[in-house]
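Take a look at the letters that make up each chain.
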Amino acid sequence: MLKTLTFTLMHFCIAFVVAYALTGSIAVGGLVAAVEPLCNSVGFYFHEKLWQRREKVRGQPSGPARGWRHRHA
């Protein structure tokens, strides 16, 4: 959970710095830092739903991939 929280904090900081660097506005930087991660999270939710549907159609498991590496003789 700590890793998720620190990643989220890093995401907000990067969004703020990029928006501030592009606009020179603290208000715009703050707004982008608040809105962009939220939009990204909603987009990720729908991406996961579509990805699960794709895997279901193809008959692939939706869980983590296992055995993705193979041995060479």
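The text that follows walks through the structure, step by step, so that each part is easy to find. As the structure is a computational prediction, the values presented were derived from the model and not from experiment. Chains are numbered independently. Their residues run from 1 in the order of the written sequence. Totals for whole chains, interfaces and linings use all residues, but because this is a predicted model, local features are given only for residues with pLDDT of at least 70 and pairs of side-chain atoms are given and counted only at 80 or more. With hydrogens and water excluded, all non-hydrogen atoms of the structure serve as input to the side-chain values.

Here's the deal with a nonpolar patch on the surface
- Residues with no salt bridge and a relative accessible area higher than 30% make up the patches, which join like charges within 9 Å and nonpolar side chains (Val, Leu, Ile, Met, Phe, Trp, Tyr) within 5 Å. For the area figures, the Shrake-Rupley method with a 1.4 Å probe applies, and any residue is considered shielded solely by the protein chains shown. Each reported salt bridge corresponds to a side-chain nitrogen of Lys or Arg within 4 Å of a carboxyl oxygen of Asp or Glu. A surface patch of nonpolar side chains, amounting to about 530 Å² of accessible area, comprises Phe-7, Met-10, Ile-14, Val-18 and Leu-22.
- Counting from the N terminus, the helices are the DSSP runs of H or I reaching at least four residues and the strands are the DSSP runs of E reaching at least two. Looking at the secondary structure, you find Leu-22 in helix 1 (residues 2–23).
- Only protein chains enter the accessibility calculation, which uses a 1.4 Å probe; a residue is then buried when its area is under 20% of its type maximum, exposed when over 50%, and partly exposed in between. Note on Leu-22: relative accessible area 70%, which makes it exposed.

Observations concerning the packing of aromatic side chains
- Any two rings among Phe, Tyr and Trp, with Trp reduced to its six-membered ring, count as a pair given centres within 6.5 Å; such a pair is stacked if its planes are under 30 degrees apart, edge-to-face if over 60, and tilted if neither. For the coordinates displayed, the defined rule picks out two aromatic pairs.
- Plain terms: the ring middles of Phe-16 and Tyr-20 are 5.9 Å apart, the flat faces sit at 5 degrees to each other, and that makes the pair stacked. Taken as a pair, Phe-16 and Tyr-20 lie in helix 1 at a separation of four residues, close to a single helical turn.
- Taking the relative accessible area as the measure of exposure, Phe-16 reaches 28% and is therefore partly exposed.
- Taking NZ or CZ as reference, Arg-54 lies 4.5 Å from the ring centre of Trp-51, over its face. Distance and angle both matter: a charge sits over a ring if NZ of Lys or CZ of Arg is within 6 Å of the ring centre and within 35 degrees of the ring normal.

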